[in-house]
Amino acid sequence: MATIIQSENLNLWYGDHQALKDINLSIEEHQITALIGPSGCGKSTFMKTLNRMNDLVKSCRIEGKVTLNGVDIYKDMDANILRKRVGMVFQKANPFPMSIYDNVAYGPRIHGIRSHAKLDEIVERSLQQAALWDECKDRLKTSALGMSGGQQQRLCIARALAVEPEVLLMDESTSALDPISTAKIEDLCLELKKKYTIVMVTHNMQQANRISDVTAFFLLGELIEAGETKQIFLNPTNKKTEEYITGRFG
Ligand SMILES: Nc1ncnc2c1ncn2[C@@H]1O[C@H](COP(=O)(O)OP(=O)(O)OP(=O)(O)O)[C@@H](O)[C@H]1O
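Definitions and limits used
Residues numbered from 1 in each chain as written. Predicted model: local features only at pLDDT ≥ 70, side-chain atom pairs only at ≥ 80, totals over all residues. Heavy atoms only, no water. Pairing = 2+ DSSP bridges. Helix = DSSP H or I, 4+ residues; strand = E, 2+ residues; numbered from the N terminus. Axes fitted to C-alpha atoms, helices over the stretch in contact; angles between N-to-C directions. Parallel < 35°, antiparallel > 145°, perpendicular 65-115°, else oblique. Left-handed = near helix turned anticlockwise from the far one by under 90°. Contact = heavy atoms within 4.5 Å. Nonpolar A, V, L, I, M, F, W, Y, C, P; charged D, E, K, R; others polar. Polar contact = N/O pair within 3.5 Å; in protein donor to acceptor, adjacent residues only side chain to side chain. Expected span 1.5 Å × (residues − 1). Buried < 20%, exposed > 50% of the residue type's maximum accessible area, 1.4 Å probe, protein only. pLDDT = per-residue confidence, 0-100.

Digging into the sheet that holds strand 1 (residues 3-14)
Strand pairing in a sheet is mediated by backbone hydrogen bonds. Such pairs are either parallel or antiparallel.
Here's step 1: Strand order in this open sheet of four strands is 2-1-4-5, and the pairing throughout is antiparallel. The open sheet has two free edges, formed respectively by strand 2 (17-28) and strand 5 (71-72), since each of these has just one partner strand.
Here's step 2: Pairing of strand 1 with strand 2 involves eight bridges; the strand directions are antiparallel. Of the residues in strand 2, the one forming a bridge with Thr3 is Glu28.

Next up, the structure:
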């Protein structure tokens, strides 16, 4: 197993508020890493440091290091290249107000792909990978906004996959979905990890337990404990982790 992303002594402030405190965490290739913890503990903030989404927040200041395959993403990597390699899917599906096809072709077009044949191929491959092709192959030119919530979220996954990232960040990507759509996305994640590395924020303990390989528990900006999911859920080292996963707070 190889480490793909590593955070080293990572500290982050929004103005005077320190939202991340000395986070050291390795993300392993082809694994699903779940970030858990109560609201406001820094899970999303940490995840956003992995593709520099916090660059967009003016008050945000970062110290420490995040590396992608050993390269410092804050010092030695262009943010656009980084975001192509580390894609993101948000809590609420956010398809662009355009056709299904154009949503998926959007990223590849931005990265300079013009050939219709090539774009057709990418759109089909990405929708296949997102387990959406069969449901929408006959309506590719219709608006993405006419899809169900679960379909829209899988479309956002297809859009992220279209630029062939290495890592997929998923920020509570099933929290707005019904159980059937959630199960579809969970199955999809298990399939996708063969090719990609997935980091997900989830409030759903069963979900973390069901599909992740590694679980990291955050509390008040600190990484309390990270380890193999089975161990974290069956035999956590830290009392606070145990209290959280058994629902005693949060
Ligand atoms: N853009 C921002 N500007 C200022 N403070 C922020 C910003 N984003 C997050 N924070 C603060 O940083 C802390 C961590 O927030 P973050 O969203 O990372 O938590 P979280 O664990 O993902 O929470 P939730 O589970 O509710 O999404 C919180 O105190 C939050 O108010």
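Quick word on the packing of helix 6 (residues 149-161) against helix 7 (residues 179-192)
Here's step 1: Across the interface, helix 6 lies against helix 7 with an axial gap of 9 Å and an inter-helix angle of 20 degrees. The orientation of helix 6 relative to helix 7 falls into the category roughly parallel. Regarding helix 6 and helix 7, the two cross each other, and that crossing is right-handed. For the pair helix 6 and helix 7, the contacting residues are Gly150, Gln153, Arg154, Ile157 and Leu161 in the first and Ser181, Lys184, Ile185, Leu188 and Leu192 in the second.
Here's step 2: Its residues assigned to classes, the contact of helix 6 with helix 7 shows five nonpolar, three polar and two charged.

Some remarks on the side chain of Glu186
Here's step 1: Within the secondary structure layout, Glu186 lies in helix 7.
Here's step 2: Of note is the side chain of Glu186, whose polar atom sits 2.7 Å from the side chain of Arg210.
Here's step 3: For Glu186, the residues in contact, after removing those within four places along its chain, are Gln207, Arg210 and Ile211.

So, helix 6
Here's step 1: The end-to-end C-alpha separation of helix 6 is 18 Å, in line with the 18 Å expected for 13 residues at 1.5 Å each.
Here's step 2: The buried count for helix 6 comes to twelve of 13 residues, which makes it a mostly enclosed element.
Here's step 3: Those residues of helix 6 that sit buried are Gly150, Gln151, Gln152, Gln153, Arg154, Leu155, Cys156, Ile157, Ala158, Arg159, Ala160 and Leu161.
Here's step 4: Here the buried face of helix 6 lies against strand 6 (86-89), helix 3 (100-110), helix 4 (116-129), helix 5 (133-136), strand 7 (167-171) and helix 7.

What about the environment of Gln31?
Here's step 1: Among the structural elements, Gln31 can be located in the loop between strand 2 and strand 3 (32-36).
Here's step 2: Separated by 158 residues in the primary sequence, Gln31 and Cys189 place their C-alpha atoms 9.8 Å from one another.

Quick notes on the confidence of the model for the chain
Reading predicted coordinates in detail is not appropriate for stretches of low pLDDT.
Here's step 1: When pLDDT is averaged across the chain, the result is 95; 100% of the residues are at 70 or more.
Here's step 2: Predicted as a complex, the structure gets a pTM of 0.94 and an ipTM equal to 0.96.

Comments concerning the pairing of strand 3
Here's step 1: The buried fraction of strand 3 is high, at five of five residues.
Here's step 2: The side-chain alternation of strand 3 yields two buried faces, one formed by Ile32, Ala34 and Ile36 and the other by Thr33 and Leu35.
Here's step 3: Bridging between strand 3 and strand 8 (residues 197-201) involves four bridges; their strand directions are parallel. What sits directly across from Ile32, in strand 8, is Ile198.
Here's step 4: Sheet topology note: the strand 3/strand 9 (residues 214-219) ladder contains four bridges and is parallel. Pairing of Leu35 across the sheet is with Ala216, part of strand 9.

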